[in-house]
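Residue strings, one per chain:
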Amino acid sequence: EKHVARAAVRVIHINEERRAEVSQGWFTKVIFKNGDKLVGVLKSITGDKLTIFSHYLGTATFTKKALHSVTFVPAARMSVGNIVVCDQTGVHEYERGGKKIWSYNNQNVNYPWAAVKLENGNILVANTNYNQVVEIKPKEGNGGEIVWQLDNIQYPYDVQRLDNGNTLVAEYYASMVSEYDFKEKQRKWQTPRVGYPISCQRLENGNTLIASNQGVFEVNKEGKDVWRANVAGLQPWRATRLDNGNTLIVDMRRGSVIEITSNQKCEKVFSL
């Protein structure tokens, strides 16, 4: 037996051969293998079944074979929100209906390549042309305050704030993906040369998904490939690991978005 503090637990991946025992009453997000999601209050996890209560279904029991993962969340609600957009003038936030609710048009942020809204409401920006990563605390309507800044980054194309507080950056001209400590702002982890990385994503298993001029691939903590998209002539722009375990890839060469499984089966192709 191993006792783990609840605060340290984020995800349980259900294993068919082991029994997972956790406390009742935790707010829980369930992701099914078909990609569906459900949020509710955990009732029990037994040898082969999961039972939760949700206002949508009431008390419902599911077999583990139907589940991809179980995640503990601070409230019984799905993650919904606005859309953050980068363009040559700065960073903008829109409601889903298309109404602009916030902009950061500032001479020290232009042509950013990526922006992510954090749980604290701030916006993390890959300020590409200035070789920076900045965290902006928005002001209502327009503008904001830079509350954290990472300098001397070699042309950042993508950025992600990790669960441990560090920041993952795709450094295009350095041909590496790096993890920087939040307080010390020092590189704590890096990949070997990966050929001009364009996007990066830290996965739940601790590995990192990368799209670069060398393709789309997943590396472990030692920087070694553990998976690679086997698509002939692929010229990726972005890659994202989905909740169902598949990988969504923007392919510039074909002008398409493709979704492939871990065993290289092409599930869907969307023309752009």
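Rules behind the numbers
Residues numbered from 1 in each chain as written. Predicted model: local features only at pLDDT ≥ 70, side-chain atom pairs only at ≥ 80, totals over all residues. Heavy atoms only, no water. Helix = DSSP H or I, 4+ residues; strand = E, 2+ residues; numbered from the N terminus. Buried < 20%, exposed > 50% of the residue type's maximum accessible area, 1.4 Å probe, protein only. Polar contact = N/O pair within 3.5 Å; in protein donor to acceptor, adjacent residues only side chain to side chain. Contact = heavy atoms within 4.5 Å. Pairing = 2+ DSSP bridges. Axes fitted to C-alpha atoms, helices over the stretch in contact; angles between N-to-C directions. Core = buried A, V, L, I, M, F, W, Y, C linked by side-chain atoms within 4.5 Å. Phe/Tyr/Trp six-rings, centres within 6.5 Å; stacked < 30°, edge-to-face > 60°. Lys NZ or Arg CZ within 6 Å of the ring centre and 35° of its normal. Salt bridge = Lys/Arg side-chain N within 4 Å of Asp/Glu carboxyl O.

Colleague: What's the story with the side chain of R238 in this structure? I'm lost.
Modeller: With respect to the helices and strands, the residue R238 is situated in strand β23 (residues 236–241). The class for R238 is buried, based on a relative accessible area of 19%. In this structure the side chain of R238 is engaged in a polar contact, spanning 3.1 Å, whose partner is the backbone oxygen of Y157. Within the structure, the side chain of R238 is placed 3.1 Å from the side chain of D158, a separation counted as a polar contact.

Colleague: For this particular structure, what's the right way to read the side chain of S54?
Modeller: Summarising the element assignment, S54 is placed in strand β4 (residues 49–54). At a separation of 2.9 Å, a polar atom in the side chain of S54 contacts the main-chain amide nitrogen of L57. Residues in contact with S54, not counting those within four places in the same chain, are L38, V39 and G40.

Colleague: Got a minute to help me understand the sheet that holds strand β14 (residues 144–150) in this structure?
Modeller: Backbone-to-backbone hydrogen bonds join strands into a sheet, with any given pair of strands oriented parallel or antiparallel. Judged by pairing direction, the sheet is antiparallel, and its four strands sit side by side in the order β10-β11-β12-β14 without closing on themselves. What marks the edges here is a single partner per strand, and that holds for β10 (114–117) and β14. Within this sheet the neighbouring strands show an average axis-to-axis angle of 25 degrees, counted without direction. Bridge count between β10 and strand β11 (residues 123–127): four bridges; the pairing is antiparallel. Its bridge partner lying in β11, A115 is registered against V125.

Colleague: Got a minute to help me understand the sheet that holds strand β19 (residues 197–202) in this structure?
Modeller: On the basis of which strands lie adjacent, the open sheet formed by four strands has the order β19-β20-β21-β22 and antiparallel pairing. In this open sheet, the two strands that pair with only one neighbour each are β19 and β22 (225–228). Neighbour-to-neighbour, the strand axes of this sheet turn through a mean angle of 25 degrees, independent of strand direction. As defined by bridge partners, strand β21 (residues 215–219) adjoins β22 across three bridges and the pair is classed as antiparallel. From the neighbouring strand, F217 faces β22, where its bridge partner is R228.

Colleague: Looking at this structure, I do not really get unusual backbone geometry. What am I missing?
Modeller: Negative phi characterises most residues that are not glycine, and trans characterises most peptide bonds. Positive phi outside glycine occurs at S175, with the angle close to 55 degrees. With respect to the secondary-structure elements, S175 resides in the loop between β16 (167–171) and β17 (176–180). Positive phi outside glycine occurs at K185, with the angle close to 60 degrees.

Colleague: What am I meant to see in the nonpolar core here?
Modeller: As a rule of thumb, soluble globular proteins bury nonpolar side chains together. With 13 residues, the main nonpolar core has V30, F32, L42, L50, I52, F62 and L67 as its most contacted residues. Mapped onto this core, the elements with two or more residues apiece are β2 (27–32), β3 (37–45), β4, β5 (58–63) and β6 (67–72).

Colleague: Whenever I open this one, the packing of aromatic side chains confuses me. Can you help?
Modeller: Aromatic ring pairs are described here by two measures, namely the spacing of the ring centres and the angle between the planes. If you walk through the whole model with that rule in mind, you get 12 aromatic pairs. Clustering of aromatic rings is evident, with ring pairs tying together W113, Y155, Y157, Y172, Y173, Y196 and W237. Lying over the aromatic face of W227, R241 brings its terminal NZ or CZ to 5.2 Å of the ring centre.

Colleague: Could you clarify how one ought to interpret the pairing of β21 in this entry?
Modeller: Within a regular strand, the side chains alternate between the two sheet faces. Of all the five residues making up β21, five are buried; the element is thus mostly covered by neighbouring parts of the structure. Burial along β21 is two-sided: the face carrying G215, F217 and V219 and the face carrying V216 and E218 are both buried. Taken together, the five bridges between strand β20 (residues 208–212) and β21 define a ladder with antiparallel strand orientation. Bridged to T208 within β21 is V219. Where β20 folds back onto β21 in an antiparallel hairpin, the turn is made up of two residues. Linking β21 back to β22 in an antiparallel pair, the connection comprises five residues, with G223 at a positive phi of about 85 degrees.

Colleague: Explain the environment of E259 to me, please; I cannot follow it from the model alone.
Modeller: Along the chain, E259 turns up in strand β25 (residues 256–260). Here the alpha-carbon distance between E259 and N246, two residues 13 residues apart in the chain, equals 6.5 Å. At 2.9 Å, the side chain of E259 and the side chain of N246 are in polar contact.

Colleague: Quick question: what am I supposed to make of the pattern of salt bridges here?
Modeller: Once the charged atoms of two side chains with opposite charge are near each other, the side chains can pair. Counted under the stated rule, the structure contains nine salt bridges. Two residues, E171 and R187, come together in a salt bridge whose shortest N-O distance is 3.1 Å. Remark: R187 occurs in strand β18 (residues 187–190) and E171 occurs in strand β16; sequence separation between them is 16 residues. With its nearest N and O atoms 3.1 Å apart, the salt bridge here joins R202 to E179. Here R202, found in strand β19, pairs with E179, found in strand β17; they are 23 residues apart in sequence, far enough to count as distant. As far as the burial class goes, R202 and E179 line up, both buried.

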